[in-house]
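# Structural description and commentary
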Amino acid sequence: MKKDNLRFSSKLIHAGDHKDQYGSAIVPIYQTSTFSFESADHGAKCFSGEAEGYIYTRIANPTIRALEKAVASLENGYDGIATSSGMGAVSTIYMALLSNGAHIVSHNAIYGPARGIIETIFPKFGIESTYIDASKLENIEKAIKPNTKMLYIETPANPTMDIIDIKAAAEIAHKHGIPLVVDNTFCSPYLQRPLDLGADIVLHSMTKFINGHADIVGGIIVTKEKDYYDKLRPVMINLGFNIDPHQAFLAHRGLKTLAVRMDRAQESSIIIAEYLENHPKVSWVKYPGLKSHQNYELGKKQMDGPGCMISFELKGGLDAGKILMDNVQLALLAVSLGGVETLIQHPASMTHSKISKEHREKAGITDGLVRFSVGIEDVNDIMEDIEQALQMI
Ligand code: LCS
């Protein structure tokens, strides 16, 4: 059987396969910083690109390459670039594609630091930004200027769960000759493949669903075409955003169970979102699987499932949210997401606290918003835990 056209769940197991001299079933951890050359001539040829061969782990490493090839194949892209963290992936993209005098257009509710570094670090390199509600396409069109070099979105967005039309955003970006970059962390390639919808570059915090076990920090970029790959890879290498082989091994191991983990957590998320929406103490719930989501139809069209992230606000606002967070016993009160354990956190004081209150409010990140990352525990236990905590309010 040819392994070229495997279905997604099979690709999860076999993409990035490699053969080694011992026939090892999985890709081993090449825990080495450097690789020896056969001869001086071979070393020189590896550097010039005339010969294939590993040189130094910051540049490339077999364990890392297997992971990069696997995720690139799942995203239907040209190739992957693994990074030390999701922010390493974000920074690689910004550093490679934005130069002095450039302008970036982005959604107002992306992961806090992805916006934060543009507003605090990049201005010193002469880079400006406009943050808009990109779920309204006319806002994107209005924000693009002659010096705009990138349209950067996250969908669903962290933590508002806004859904942005990737196909339409790509069309706008391309009309203006700029790339569309999509952070696909909340969906993973199992639920959404932005490159198929017209995006040029996709990135992930692998810390989340791809690894899935809350035991590493890592990131990855996949480009649709070779030219962006060739622009981005040297930036990752030379700015030192590389992942470690052991981290890459764990991410690759976690990746294999992505579909089964997400199927389970998503099934529970649908039940939990409906339960919360009907709860008398809850004022609103944002979850792509609820008909009340303002982009429910778009979500159904561009995603293969509503995912495992739920944002909601209690009628008692922040004070009630704090009681809930202090009283859950099964869910961990922790940032991050996409792991096998259910997590609860408060974006305004945690993941998005470095964004000004004014910008948060404009983006819909209210002080009362609470975010759930649903894990793979028994859904009845998760619900009983939420219910007992809600009763404390
Ligand atoms: N992109 C998204 C959508 C994220 O949610 C995160 C982290 C990143 C990028 C950055 O990835 P990292 O460097 O942490 O691997 N999101 C977090 C969150 O919501 N809670 O804690 C981290």
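Residues numbered from 1 in each chain as written. Predicted model: local features only at pLDDT ≥ 70, side-chain atom pairs only at ≥ 80, totals over all residues. Heavy atoms only, no water.

## Here's the deal with the overall build of the protein chain
The helix and strand inventory of the protein chain stands at 15 helices and 12 strands. The C-alpha atoms of the protein chain give 21 Å as radius of gyration, which agrees with the globular expectation for 393 residues (21 Å, within 12%). With respect to the principal axes defined by its C-alpha atoms, the protein chain has extents near 75 × 50 × 35 Å. The proportion of buried residues among the 393 residues of the protein chain is 57%. Considering only contacts in the protein chain between residues 6 or more positions apart, those separated by 24 or more positions represent 72%. (Helix = DSSP H or I, 4+ residues; strand = E, 2+ residues; numbered from the N terminus. Rg over C-alpha atoms; globule rule 2.2 N^0.38 Å. Buried < 20%, exposed > 50% of the residue type's maximum accessible area, 1.4 Å probe, protein only. Contact = heavy atoms within 4.5 Å.)

## Considering the state of the cysteines
Working definition: the covalent bond between the sulfur atoms of two cysteines is a disulfide. This model, assessed by the stated rule, comprises zero disulfides. Here C187 is not disulfide-linked; the sulfur of C308 is the nearest cysteine sulfur, at 9.2 Å. Taking relative accessible area as the criterion, C308 reaches 1% and is therefore assigned buried. (Disulfide = S-S within 2.5 Å.)

## Brief notes about the site of the ligand
If you check the shell around the ligand, you find 18 residues, and the closest are D183, S205, T207, S336 and R371. Within the contact set of the ligand, a nitrogen atom lies 2.6 Å away from a side-chain nitrogen or oxygen of D183. Separating an oxygen atom of the ligand from a side-chain N or O atom of T207 is a distance of 2.6 Å. Relative to its unbound accessible surface of 480 Å², the ligand loses 93% to contact with the protein. (Near = heavy atom within 4 Å. Polar contact = N/O pair within 3.5 Å; in protein donor to acceptor, adjacent residues only side chain to side chain. Areas by Shrake-Rupley, 256 points an atom, 1.4 Å probe, with all protein chains shown as cover.)

## A few points about the packing of helix 3 (residues 62-74) against helix 10 (residues 245-255)
Across the interface, helix 3 lies against helix 10 with an axial gap of 8 Å and an inter-helix angle of 35°. As helix 3 packs across helix 10, the resulting crossing turns out to be left-handed. Between helix 3 and helix 10, the residues in contact are T63, I64, A66, L67, A70, V71 and L74 and P245, A248, F249, A251, H252 and L255, respectively. For the contact of helix 3 with helix 10, a count of residues per class yields 11 nonpolar, two polar and no charged. (Axes fitted to C-alpha atoms, helices over the stretch in contact; angles between N-to-C directions. Left-handed = near helix turned anticlockwise from the far one by under 90°. Nonpolar A, V, L, I, M, F, W, Y, C, P; charged D, E, K, R; others polar.)

## Digging into the domain arrangement of the protein chain
Each assigned domain of the protein chain is listed here: domain 1 (3-255) and domain 2 (258-390). Just the C-alpha atoms count here: the centres of domain 1 and domain 2 sit 26 Å apart. Taken together, the contact pairs 44 residues of domain 1 with 38 residues of domain 2. In total, domain 1 and domain 2 occlude about 3200 Å² of area from one another, counting both sides; carbon and sulfur atoms represent 62% of this. Of all residues in domain 1, the largest losses of buried area upon contact with domain 2 belong to I163, L191 and F209, amounting jointly to 23% of the total for that side. Our count for the domain 1 to domain 2 interface comes out at one salt bridge. For D304, the salt bridge is made with R193, and the minimal N-O distance between the two is 2.7 Å. (Domains from an automatic or database assignment. Buried area = accessible area lost by both parts, 1.4 Å probe. Salt bridge = Lys/Arg side-chain N within 4 Å of Asp/Glu carboxyl O.)

## What about the nonpolar core?
Counting residues in each nonpolar core, the largest one holds 57 residues, and the members touching the most others are I140, L151, I153, L180, M206, L255 and L258. At six residues, the largest contribution of residues to this core is made by helix 3. In this structure, this core is formed jointly by two domains, domain 1 (3-255) and domain 2 (258-390), each of which donates at least three residues. In this structure L255 touches L12, A70, V71, L74, I210 and R261, once residues within four positions along its chain are discounted. (Core = buried A, V, L, I, M, F, W, Y, C linked by side-chain atoms within 4.5 Å.)

## Describing the pairing of strand 9 (residues 309-314)
For a regular strand, side-chain orientation follows a simple rule: the groups alternate between the two sheet faces. Burial of strand 9 is extensive: six of the six residues sit out of reach of the surface. Along strand 9, one buried face is formed by M309, S311 and E313 and the opposite face, lined by I310, F312 and L314, is buried too. Relative to strand 9, strand 8 (residues 282-286) runs antiparallel, the two sharing four bridges. Across the sheet, residue W284 finds its bridge partner in strand 9, namely E313. Across five bridges, strand 9 lies against strand 12 (residues 369-373) in antiparallel orientation. Following the sheet pairing, F312 is matched in strand 12 by V370. (Pairing = 2+ DSSP bridges.)

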